[in-house]
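If you want the building blocks of each chain, they are given just below.
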Amino acid sequence: MRQQYPLMIDLSGRSCLVVGGGEVAERKVLSLMQAGADVTVLSPELSPGLHALWQEQRKFRWIAEEFRQQQVAGYTLVIAATNRAEVNLAVYRAVKLTDGWINIVDRPDLCNFIVPSVIQRGKLMVAVSTSGASPSLAKKLKTELERLIGPEYEEYLDFLAETRQQVLAQVDDAKVRKRIFQQLLDDAYLFASGEERKNMAASLIGEWSREGGQGGKHENVESRNPPQHAGVNTDRMGH
Ligand SMILES: C[C@@]1(CC(=O)O)c2cc3[nH]c(cc4nc(cc5[nH]c(cc(n2)[C@H]1CCC(=O)O)[C@@](C)(CC(=O)O)[C@@H]5CCC(=O)O)C(CC(=O)O)=C4CCC(=O)O)c(CCC(=O)O)c3CC(=O)O
Ligand SMILES: NC(=O)C1=CN([C@@H]2O[C@H](COP(=O)(O)OP(=O)(O)OC[C@H]3O[C@@H](n4cnc5c(N)ncnc54)[C@H](O)[C@@H]3O)[C@@H](O)[C@H]2O)C=CC1
């Protein structure tokens, strides 16, 4: 098995080519568009889903032609997703000449990148890959993780991001900052309402800032409990 390297890349505004316009191509086009890529689909036909999307919004470019070798130049990445193995292979060979990024949906052995199964909750992305061994298992695990990591994570993460900036600006001591970040991970914050968690964070930061300002008062940081808030259940609440 080839060892894969996971990374999150910024494809916004980047030109990406999907050759083929069927069911599998549709999935790849949608995820590329979600990432803000500038997508071109090269295929004589489109799936009903892709066709509707193209008619309604023209959010991708459609070249209604069969693949020819010279069409791969200038793309950040290329996905070969036709139902014809020899066409996919020709796409691979063309991209290989330019040493570009290529995914061939029916030849994991030739891909230099593969696409994982993904849960997205706002800024949070959880990607599951089986290195191509069992895409259905990747999908199943994603579905299980969707239950564990509910929609509440979107706002919670926005809160964490905002609070983190405040803490970085207000708290000088890196150890204290780390403690605060740790305490903000308590489920009490996850399940509090927006207003409640802001208040909880403000008192937490206030408390630590005062103590941090006096210095030398951090012996008890390990044992400090997160602030409790009336009406907030700190159990996993049915998860
Ligand atoms: C290597 C890889 C290359 C790539 O496509 O990037 C690849 C290859 C192949 N997939 C095949 C089949 C299926 N793929 C899916 C589903 C997904 N496949 C995806 C990724 C990947 N598929 C990459 C590896 C990912 C990894 O494991 O790390 C997902 C995760 C992402 C996405 O496609 O966006 C998406 C789930 C998205 C979601 O969360 O919903 C299903 C299930 C279904 O459709 O319900 C089936 C049918 C059941 C089965 O076969 O398991 C076949 C055989 C085709 C044939 O039989 O002819 C090949 C070729 C081969 O293995 O030879
Ligand atoms: N990687 C993955 O996740 C999966 C991969 N597959 C593989 O993907 C292949 C495609 O599956 P589907 O999308 O369901 O097929 P499909 O039959 O729905 O679509 C095939 C598409 O290829 C286009 N096409 C055919 N010849 C072409 C050419 N010369 N140039 C440009 N476009 C051309 C057709 O117009 C059509 O839009 C399957 O043959 C299978 O091997 C299947 C399931 C999952």
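Residues numbered from 1 in each chain as written. Chains lettered and ligands numbered in written order. Predicted model: local features only at pLDDT ≥ 70, side-chain atom pairs only at ≥ 80, totals over all residues. Heavy atoms only, no water.

S.K.: Please clarify how the confidence of the model for the chain should be interpreted in this entry.
M.R.: As a note on interpretation, predicted positions should not be read in detail where pLDDT is low. Per-residue confidence for the chain gives a mean pLDDT of 89; residues scoring 70 or more make up 87%. Across residues 213–224, confidence stays below pLDDT 50; counting only partners more than four residues off in sequence or on other chains, it has 13 contacts. Scored below 50 in pLDDT, residues 229–239 shows 24 contacts in the model against residues more than four places distant or in partner chains. Our summary of model confidence lists the complex with pTM equal to 0.90 and ipTM equal to 0.97. (pLDDT = per-residue confidence, 0-100. Contact = heavy atoms within 4.5 Å.)

S.K.: Help me understand the environment of arginine 210, please; the structure alone is not making it clear to me.
M.R.: Among the structural elements, arginine 210 can be located in helix H8 (residues 194–214). With 154 residues separating them along the chain, arginine 210 and glutamate 56 place their C-alpha atoms 57 Å apart. (Helix = DSSP H or I, 4+ residues; strand = E, 2+ residues; numbered from the N terminus.)

S.K.: Got a minute to help me understand the pattern of salt bridges in this structure?
M.R.: Oppositely charged side chains can pair when the atoms bearing their charge come close. Under the criterion given, the structure shown has six salt bridges. Between arginine 107 and aspartate 109 there is a salt bridge, with the nearest N and O atoms lying 2.7 Å from each other. Judged by its relative accessible area of 32%, arginine 107 falls in the partly exposed class. On the accessibility criterion, aspartate 109 (42% relative accessible area) is partly exposed. (Salt bridge = Lys/Arg side-chain N within 4 Å of Asp/Glu carboxyl O. Buried < 20%, exposed > 50% of the residue type's maximum accessible area, 1.4 Å probe, protein only.)

S.K.: Even after reading the chapter, I still don't get the packing of aromatic side chains, so can you show me in this structure?
M.R.: Any two aromatic rings considered together are summarised by their centre-to-centre distance and by the angle between their planes. Counted under the stated rule, the structure contains four aromatic pairs. Look at tyrosine 153 and tyrosine 156: their rings are 6.0 Å apart centre to centre, the planes differ by 80 degrees, and that puts the pair in the edge-to-face class. Placement of both tyrosine 153 and tyrosine 156 in helix H5 (residues 152–170) is noted, with a separation of three residues, approximately one turn of the helix. Overall, the relative accessible area of 18% leaves tyrosine 153 in the buried class. With 6.1 Å between their ring centres and 15 degrees between their planes, phenylalanine 159 and tyrosine 189 make a pair best called stacked. (Phe/Tyr/Trp six-rings, centres within 6.5 Å; stacked < 30°, edge-to-face > 60°.)

S.K.: Whenever I open this one, the nonpolar core confuses me. Can you help?
M.R.: Note that soluble globular proteins tend to have their nonpolar side chains buried in a common cluster. Counting residues in hydrophobic clusters, the biggest one holds 22 residues, and the most contacted among them are Tyr156, Phe159, Val171, Ile180, Leu184, Tyr189 and Leu204. Among the secondary structure elements, those contributing two or more residues to this core are H5, helix H6 (174–183), helix H7 (187–191) and H8. Leaving out residues up to four positions away in the same chain, leucine 184 has contacts with Tyr156, Phe159, Leu160, Thr163, Tyr189, Ala201 and Leu204. Grouped together as the second largest cluster of nonpolar side chains are 19 residues, Leu11, Leu46, Leu50 and Phe60 included. (Core = buried A, V, L, I, M, F, W, Y, C linked by side-chain atoms within 4.5 Å.)

S.K.: Help me understand the site of ligand 1 in this model?
M.R.: In the vicinity of ligand 1 lie 17 residues, with Lys28, Ser117, Ser129, Thr130 and Ser136 positioned nearest. With respect to ligand 1, the side chain of serine 129 contributes an N or O atom lying 2.5 Å from an oxygen atom. The side chain of lysine 139 places a nitrogen or oxygen atom 2.7 Å from an oxygen atom of ligand 1. Considering ligand 1 on its own, with 1,100 Å² of exposed area, one finds that the protein chains cover 66% of that surface. Listed by contribution, the elements that provide at least two residues to the shell around ligand 1 are helix H1 (23–34) and helix H4 (135–148). Counting residues per element, the shell around ligand 1 draws most heavily on H4, at four residues. Residues that form the shell around ligand 1 fall into these classes: six nonpolar, seven polar and four charged. (Near = heavy atom within 4 Å. Polar contact = N/O pair within 3.5 Å; in protein donor to acceptor, adjacent residues only side chain to side chain. Areas by Shrake-Rupley, 256 points an atom, 1.4 Å probe, with all protein chains shown as cover. Nonpolar A, V, L, I, M, F, W, Y, C, P; charged D, E, K, R; others polar.)

S.K.: Where do I start with the pairing of strand S2 (residues 38–42) in this structure?
M.R.: Looking down a regular strand, the side chains alternate between one sheet face and the other. With respect to burial, S2 is a largely interior element, four of its five residues being buried. Pairing geometry for strand S1 (residues 15–19) and S2, over five bridges, is parallel. Within the sheet, the bridge partner assigned to cysteine 16 lies in S2 and is valine 39. Handedness of the crossover is the feature at issue here: the chain leaves S1, passes through H1, returns alongside S2, and the resulting connection is right-handed. Summarising the sheet, S2 and strand S3 (residues 61–63) pair through three bridges and their orientation is parallel. When the bridges of S3 are listed, leucine 42 appears paired with isoleucine 63. Read from S2 through helix H2 (residues 48–57) to S3, the crossover connection turns out right-handed. (Pairing = 2+ DSSP bridges. Right-handed = clockwise from strand over helix to strand, strands pointing away.)

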